[in-house]
Amino acid sequence: MNPQLWLAPLHGITSHTFRNILCRHFGGIDCYMAPFLPSQPRGKLNKRVWQDIFPEHNSAVPLTPQLMGNRPDYLVDTMQILHELFGYEQFNLNIGCPSSPVVRHKRGCGLMPHPDLVERIVAEVTAKTPFRLSLKMRLGLHDAKEGRDLLSRLNGYPLDFLVIHPRLGDELYEGTPHWDLFEEFCSITRHRIVYSGDIFSKEDYKTLSEKFPMVFAWMLGRGMLRNPFLAEEIKNQEIGDKLSRFGIFYLDLVEALLPIRGENGTLANLKELWHYFAYFAQISDEELHSLLRIVVMKDFVEASIHLLHILK
Ligand SMILES: Cc1cc2nc3c(=O)[nH]c(=O)nc-3n(C[C@H](O)[C@H](O)[C@H](O)COP(=O)(O)O)c2cc1C
């Protein structure tokens, strides 16, 4: 079994530092999609925001950059510049992010109720650039009618693929994905489909891949954070001693984050990650809460390693 497994973009979590450490310690992931970056007009570039996709930060793994924005001209400018500077030839447009500040500015999932605008963006980018364009979307912001309408319109454009997370924006990450609607969406589109959502175990992957044979690649997001062995498990790879491998990965991650994020930034980052690592470490809510109350980075690392040792 050798399915295409891609790491989902998780803004604030799967930065290049995390991606590189993850790929040094765990196998099974074929390519990564970077968390979204803003699109900018040619004259007003803020190159600092591109650090995450600098080729020297991403030599180990094939990477698709993702852009956020609603101005076709800014998106075209940004893609052209990222191609000139870094050689990227394919880009993903985020029309699925449900966070309210993003949606309020008619970006991310806020674009889904505006099919004319999305179509204009896709038409302009595909006409004015030679780059491969893909979209990452939800079913809609408020209603799956939005996604249905959009998919029919997009059938006429040369898109590379569509990543579909089968929830509405309004649902954030709650409830279960709407697999019946996902199936319907697959039947509407003529584009290649990448599935994203709630693959937390090898069994989840098995069920979904049997149900949706038309999917050509599978994104793993929170599932890879809860269990970084997930891609290896799905591909039936040799895994060995999970606990010692996780422990070495964890220390490597802390060491890589410290010079970049400093003590406070590393602590904040680790706290966010432990919401997911708690599943791997099989700790209770109380144990997680007392871990998250720690305010000194070194104490936090010591306490979290202690929790991993208890697991033995
Ligand atoms: C904290 C967080 C940050 C995310 N950031 C992005 C992002 O930058 N771009 C994007 O397209 N999706 C983003 N997503 C959505 C994920 O890529 C993915 O589609 C979603 O989490 C469902 O997949 P999962 O259940 O495998 O995590 C984010 C999700 C979470 C939870």
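Below or above, wherever it landed, is the structure these notes cover. (Residues numbered from 1 in each chain as written. Predicted model: local features only at pLDDT ≥ 70, side-chain atom pairs only at ≥ 80, totals over all residues. Heavy atoms only, no water.)

Time to look at the overall build of the protein. Counting its regular elements, the protein contains twelve helices and ten strands. Considered along the principal axes of its C-alpha atoms, the protein spans approximately 55 × 45 × 35 Å. The buried share of the protein, taken over its 312 residues, is 56%. Considering only intrachain contacts with a sequence separation of at least 6, the fraction spanning at least 24 residues in the protein is 72%. One way to put it: in the protein the 34 positive side-chain charges average out to a point 5 Å from where the 37 negative ones average out. (Helix = DSSP H or I, 4+ residues; strand = E, 2+ residues; numbered from the N terminus. Buried < 20%, exposed > 50% of the residue type's maximum accessible area, 1.4 Å probe, protein only. Contact = heavy atoms within 4.5 Å. Lys, Arg positive; Asp, Glu negative; His and termini not counted. Charge placed at Lys NZ, Arg CZ, Asp CG, Glu CD.)

What follows deals with helix α1 (residues 16-25). Side chains three or four residues apart in an α-helix point the same way, a direct result of the helix having 3.6 residues per turn. Summarising burial for α1: seven of the ten residues are buried, a large majority. Looking only at α1, the buried set comprises H16, T17, F18, R19, I21, L22 and H25. In this structure, the buried side of α1 is in contact with β1 (5-7), β2 (31-33), β4 (63-64), α8 (222-226), α9 (230-234) and α10 (242-281).

If you walk through the whole model with that rule in mind, you get 23 aromatic pairs. Ring centres of Y250 and F277 lie 6.1 Å apart, and the angle between their planes is 85°; this geometry places the pair in the edge-to-face category. One exposure class covers both Y250 and F277, and it is buried. Feature note: the residues F18, F26, F229, F246, F249, Y250, W274, F277 and F280 constitute an aromatic cluster, connected by ring pairs. The lysine or arginine in question, R226, covers the ring of F200, its NZ or CZ lying 3.9 Å from the ring centre. (Phe/Tyr/Trp six-rings, centres within 6.5 Å; stacked < 30°, edge-to-face > 60°. Lys NZ or Arg CZ within 6 Å of the ring centre and 35° of its normal.)

Another aspect to go through is the pairing of strand β10 (residues 215-220). Within β10, five of the six residues are buried, which leaves the element mostly enclosed by the surrounding structure. For β1 and β10, the ladder comprises three bridges, and the chain directions are parallel. Residue L7 lies in a different strand from β10, and its bridge partner there is L220. The sheet contact formed by strand β9 (residues 193-196) and β10 spans four bridges and is parallel. If you follow V194 over to β10, its bridge partner there is A217. (Pairing = 2+ DSSP bridges.)

Attention now moves to the side chain of T266. For T266, the location among the structural elements is in helix α10. T266 sits in the buried class, given a relative accessible area of 0%. Once residues lying within four places of it in the same chain are set aside, the contact partners of T266 are V254, L257, L258, R261 and M297.

Right, let's talk about the pattern of salt bridges for a bit. Scanning all chains against the criterion turns up 19 salt bridges. One salt bridge in this structure joins R19 and D52, with 3.0 Å as the shortest N-O distance. Placement of R19 in helix α1 and of D52 in the loop between β3 (37-38) and β4 is noted, with a sequence separation of 33 residues between them. With a shortest N-O distance of 2.6 Å, R71 and D73 are connected by a salt bridge. Since its relative accessible area comes to 38%, R71 is described here as partly exposed. Shared partners join several salt bridges into a network, and the residues in it are D116, E119, D149 and R153. (Salt bridge = Lys/Arg side-chain N within 4 Å of Asp/Glu carboxyl O.)

Distances and angles like these do not, on their own, reveal function.
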